[in-house]
Amino acid sequence: DLNWEMLNSWLMRVEVVSNKKRDNLEFLESLFSSNHLYEQLSETMLESWMERMQIRSSKPMELQQLFRQKFPAFIFKYWQNASVNLSGNFLSNFPDGLHQNEKLESLDLSQNLISYIKLEDGDIIEGLKEINLAHNAFEVFPHHLMRFQKLEKLDLSHNQLWSNLPEVNKLPRLKSLNLSFNR
């Protein structure tokens, strides 16, 4: 079994030998996509390592089909980019810390287990233009979405929506609303 001490000594060697942020980012991506390895590591230790290595990325975050129930909140602080794809996981809500990605414009949370959206006042992502929530478990329109004033495209298809829609004209930039294949 792999433990943090073993990994930390390896990470320190990587830091000394390569000291290339790109290499570290590639390692981090493979870490998050490796179910067994990630489960054994402390989020605090990973965040500390990311901060020490000054890992930052602006490339699209592709963490789909990993079957995770949650992602560590700190990754959104370091992975600043316009596109986040977390489709095909077992998420039941918006990921914690998502609002820390100030560059986020497109969010794909399709094919998860989300049935409601709970957002705190500080959790609004100002620049969010596109949200894909297709193939989730919504029965009622998620009213918290009305707080995303720059939203242009919203996909809530393939859910179990049956309630009346809120006044979507309160979303002044909304150009596309997909509600197909609901009740």
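A. Here's a closer look at the side chain of Asn101. Structurally, Asn101 is set in the loop between strand S2 (83–85) and strand S3 (106–108). Among the residues examined, Asn101 registers a relative accessible area of 0% and is labelled buried. At 3.1 Å, the side chain of Asn101 and the backbone nitrogen of Lys103 are in polar contact. When residues no more than four places from it in sequence are discounted, the contact partners of Asn101 are Phe76, Trp79, Gln80, Asn81, Val84 and Ile125.

B. Looking closely at a nonpolar patch on the surface. The grouping of Phe67, Phe90 and Leu113 at the surface amounts to a nonpolar patch, some 310 Å² of accessible area in total. With respect to the helices, strands and loops of the structure, Leu113 is situated in the loop between S3 and strand S4 (130–132).

C. Summary view of the sheet that holds strand S5 (residues 153–155). The 6 strands are arranged S1-S2-S3-S4-S5-S6 in an open sheet whose pairing can be described as parallel. Every interior strand has two partners, whereas the edge strands, strand S1 (61–62) and strand S6 (176–178), have only one. Bridging between S3 and S4 involves 3 bridges; their strand directions are parallel. The residue of S4 that forms the bridge with Leu107 is Ile131.

D. Inspection of the nonpolar core at higher detail. Residues Phe94, Ile131, Leu133, Leu145 and Phe148 are the most contacted members of the largest nonpolar core, which totals 36 residues. The element that contributes the greatest number of residues to this core is helix H5 (residues 75–78), accounting for 3 residues. Contacts of Phe94, omitting those with residues within four sequence positions, involve Leu107, Leu109, Ile117, Leu119, Ile131, Leu133, Leu145 and Phe148.

E. The packing of aromatic side chains, seen in detail. Scanning all chains against the criterion turns up 2 aromatic pairs. Between Phe67 and Phe90, the ring centres sit 5.7 Å apart and the planes meet at 40°, which makes this aromatic pair tilted. Taken together, the residues span a long stretch of sequence, with Phe67 in the loop between S1 and H5 and Phe90 in the loop between S2 and S3 at a distance of 23 residues. Overall, Phe67 belongs to the partly exposed group, its relative accessible area being 48%. With centroids separated by 6.3 Å and ring planes inclined at 20°, the aromatic side chains of Phe94 and Phe148 adopt a geometry described as stacked. Here Phe148 lies in the loop between S4 and S5 and Phe94 lies in the loop between S2 and S3, a separation of 54 residues in the sequence. Given a relative accessible area of 7%, Phe94 falls into the buried group.

F. Looking closely at the environment of Gly127. Here Gly127 is to be found in the loop between S3 and S4. On the basis of relative accessibility, which here comes to 22%, the residue Gly127 falls in the partly exposed class. Put simply, Gly127 and Lys150 are 23 residues apart on the chain and 6.3 Å apart in space, counted from C-alpha to C-alpha. If sequence neighbours within four positions are ignored, Gly127 has contacts with Leu104, Glu105 and Lys150.

G. Quick look at the side chain of Asn85. With respect to the helices and strands, the residue Asn85 is situated in strand S2. Note on Asn85: relative accessible area 14%, which makes it buried. In terms of polar contacts, Asn85 uses its side chain to reach the side chain of Ser87, at 2.7 Å. Excluding residues that lie within four positions of it along the chain, Asn85 makes contacts with Met61, Glu62, Leu63, Gln64 and Asp108.

Rules used throughout
Residues numbered from 1 in each chain as written. Predicted model: local features only at pLDDT ≥ 70, side-chain atom pairs only at ≥ 80, totals over all residues. Heavy atoms only, no water. Helix = DSSP H or I, 4+ residues; strand = E, 2+ residues; numbered from the N terminus. Buried < 20%, exposed > 50% of the residue type's maximum accessible area, 1.4 Å probe, protein only. Polar contact = N/O pair within 3.5 Å; in protein donor to acceptor, adjacent residues only side chain to side chain. Contact = heavy atoms within 4.5 Å. Patch = residues over 30% accessible without salt bridge, like charges linked within 9 Å, V, L, I, M, F, W, Y side chains within 5 Å. Areas by Shrake-Rupley, 256 points an atom, 1.4 Å probe, with all protein chains shown as cover. Salt bridge = Lys/Arg side-chain N within 4 Å of Asp/Glu carboxyl O. Pairing = 2+ DSSP bridges. Core = buried A, V, L, I, M, F, W, Y, C linked by side-chain atoms within 4.5 Å. Phe/Tyr/Trp six-rings, centres within 6.5 Å; stacked < 30°, edge-to-face > 60°.

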